[in-house]
Amino acid sequence: MTATTVQLKHEVKDLSLAPLGKQRIDWAGREMPVLKQIQERFGREKPFAGIRLVACCHVTTETAHLAIALKAGGADAMLIASNPLSTQDDVAACLVADYGIPVFAFKGEDNATYHRHVQIALDHKPNIIIDDGSDVTATLIQERQHQIPDIIGTTEETTTGIVRLQAMFKDGVLTFPAMNVNDAETKHFFDNRYGTGQSTLDGIIRATNILLAGKTVVVAGYGWCGKGTAMRARGMGANVIVTEINPVKAIEATMDGFRVMPMAEAAPLADIFITVTGNKHIIRSEHFQDMKDGAIVCNSGHFDIEIDLKTLESMASEIRTVRPFTQEYRLKSGKSVVVLGEGRLINLAAAEGHPSAVMDMSFANQALACEYLVKNKGKLAPGLHSIPAELDGEIAALKLKAMGINIDTLTAEQVEYMNSWTSGT
Ligand code: ADE
């Protein structure tokens, strides 16, 4: 640890975990070649010189690489957690001790601490905010209007945050640009689908060690995260039921070969319930009441609102922890319901979140979105902006190159055909 890092402001669990964090961050880096190339260019070009930046993200080995890339680009960067249960304490320690990045995050922080960290992040007087769920941006707008003139823009990682930003814009309070990282194709096609799909099952398995083959699994919500989760659960041999409120998505799930029905019908049938809707109280009292004894319930949506745990608590005569991240609620009826990860994102609570290879593309988008905001400072209208298609294409091309995959290019004849409308049948 250097003299400067000792004086660095931070709130992490234990700085002595730094060597383990370094080892795991290095390991993740093997799967993040796109972000690495961006980091190297940032190191040469310093696009963030003089920029104060706050990232409110899950503090994982992958986020470490994003923070390191931004710092290499000259940013005065600070990191806080975007969820009380997702921080990897060794990563937080390493970023402070080895990279001189202030981190305010520890696994298991309570809600008051979480909100205090959001305030500390705003005390950093950011010019750019990277949000995962929009908590820093929403707090800025609600409580720190006087800091808005400092803001160049914000970037948002997740669907839930985008929904909040849309609501802010509709209410006329989003008065600066916000980059919609979630909607980049190289983000949601991969991170939401393959990342959530694999890591959600990883979290369930690490928490419970149950066999998925032959189990009936309910996936609530058939957005990109739901699609990935349903696909991977089927791949593990589960019988998958999808619940939806959107008729188009419900047909899609049906034609993808899943049974589709309301939660009330699915409740007595399933062994495992996974919510990925972004909405609240998807599983509530009438569903708990009808579940099989020992049914397992968890959430992989952004906030811990999808399972009505307050009501479940009121229905229980006893709650006991039976394994880490696994609590059994004994109902007054005599049956039990098992809740994983306190209803918080199970992939980050009990496992390590999305694998590095998908976060490579998500965070390449974040890094390039921040650079885009700086390059276009003062020129972008308030509200949400898509990641330019060229950046999406650039990230996909870099990823393919790193994977050693070549693709075809259009011939001159094909280009001409695509640009003409005269030749038909
Ligand atoms: N969101 C989901 N998985 C993640 C990860 N591994 N790192 C950061 N944010 C994530």
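Residues numbered from 1 in each chain as written. Predicted model: local features only at pLDDT ≥ 70, side-chain atom pairs only at ≥ 80, totals over all residues. Heavy atoms only, no water.

Caption draft 1: Fine view of the domain arrangement of the protein. Assigned domains of the protein: these are domain 1 (3–187 + 354–403) and domain 2 (194–349). With 18 residues of domain 1 at the contact, the number on the domain 2 side is 16 residues. Where domain 1 abuts domain 2, roughly 1300 Å² becomes buried across the two surfaces, and 64% of that area is made up of carbon and sulfur atoms. Three residues, Leu 85, Thr 160 and His 354, lead the burial of domain 1 against domain 2; their summed loss comes to 40% of the area buried on that side. Inspection of the region where domain 1 meets domain 2 yields 5 residue pairs in polar contact (both at pLDDT 80 or more). Among the residues making up the side of domain 1 that touches domain 2, the classes are represented as 4 nonpolar, 10 polar and 4 charged. (Domains from an automatic or database assignment. Contact = heavy atoms within 4.5 Å. Buried area = accessible area lost by both parts, 1.4 Å probe. Polar contact = N/O pair within 3.5 Å; in protein donor to acceptor, adjacent residues only side chain to side chain. Nonpolar A, V, L, I, M, F, W, Y, C, P; charged D, E, K, R; others polar.)

Caption draft 2: Inspection of the nonpolar core at higher detail. Grouped together as the largest cluster of nonpolar side chains are 55 residues, with contacts concentrated most on Phe 48, Leu 53, Leu 70, Leu 95, Val 103, Ile 128 and Ile 130. By residue number, the principal contributor to this core is helix α16 (residues 356–375), which donates 10 residues. Not counting residues up to four positions away in its chain, the partners in contact with Leu 70 are Phe 42, Phe 48, Leu 53, Ala 75, Ile 130 and Cys 370. (Core = buried A, V, L, I, M, F, W, Y, C linked by side-chain atoms within 4.5 Å. Buried < 20%, exposed > 50% of the residue type's maximum accessible area, 1.4 Å probe, protein only. Helix = DSSP H or I, 4+ residues; strand = E, 2+ residues; numbered from the N terminus.)

Caption draft 3: Spatial organisation of the sheet that holds strand β14 (residues 336–340). Strand order in this open sheet of 8 strands is β9-β8-β7-β10-β11-β14-β13-β12, and the pairing throughout is mixed. Each edge of the open sheet is held by one strand with a lone partner, namely β9 (259–260) and β12 (316–323). Bridging between strand β10 (residues 272–275) and strand β11 (residues 295–299) involves 4 bridges; their strand directions are parallel. What sits directly across from Thr 275, in β11, is Asn 299. (Pairing = 2+ DSSP bridges.)

Caption draft 4: Region of the structure containing unusual backbone geometry. Look at Ser 134: it is not a glycine, yet its phi comes out positive at around 75°. Here Ser 134 is to be found in the loop between β4 (128–131) and α7 (135–143). Ser 134 sits in the buried class, given a relative accessible area of 0%. Residues other than glycine seldom take positive phi values, yet His 281 does so here, at roughly 50°. One can find His 281 in the loop between β10 and α13 (285–290). Take His 281: its relative accessible area is 30%, and that puts it in the partly exposed class.

Caption draft 5: Highlighting the side chain of Glu 328. By the secondary structure assignment, Glu 328 is in strand β13 (residues 326–331). Residue Glu 328 is classed as buried on the basis of its relative accessible area, which comes to 12%.

Caption draft 6: Geometry of the packing of helix α9 (residues 185–208) against helix α10 (residues 224–235). The interhelical angle for the contact between α9 and α10, taken along N-to-C directions, is 45°, at an axis separation of 7 Å. When the interaxial angle is binned, α9 and α10 end up oblique. As for the relative orientation of α9 and α10, their crossing is right-handed in sense. In this structure, α9 contributes His 188, Phe 189, Asn 192, Arg 193, Tyr 194, Thr 196, Gly 197, Gln 198, Thr 200 and Leu 201 to the contact, and α10 contributes Trp 224, Cys 225, Gly 228, Thr 229, Met 231, Arg 232 and Ala 233. (Axes fitted to C-alpha atoms, helices over the stretch in contact; angles between N-to-C directions. Parallel < 35°, antiparallel > 145°, perpendicular 65-115°, else oblique. Left-handed = near helix turned anticlockwise from the far one by under 90°.)

Caption draft 7: View of the confidence of the model for the protein. Averaged over every residue, the pLDDT of the protein is 96; the share at 70 or more is 98%. In this model, residues 1–6 is a region of pLDDT below 50 whose contacts with residues beyond four sequence positions or in other chains number 6 contacts. (pLDDT = per-residue confidence, 0-100.)

Caption draft 8: Fine view of the site of the ligand. Taken together, His 58, Thr 60, Glu 62, Thr 63, Leu 348, Glu 352, Gly 353, His 354, Met 359 and Phe 363 are the residues near the ligand. A distance of 2.7 Å is found between a nitrogen atom of the ligand and a side-chain nitrogen or oxygen belonging to Thr 60. Taking His 354, its main chain carries an N or O atom lying 2.8 Å from a nitrogen atom of the ligand. For the ligand, the protein covers 95% of the area, taking 260 Å² as the surface of the free molecule. Breaking the shell around the ligand down by element, the ones donating at least two residues are α4 (61–72) and α16. (Near = heavy atom within 4 Å. Areas by Shrake-Rupley, 256 points an atom, 1.4 Å probe, with all protein chains shown as cover.)

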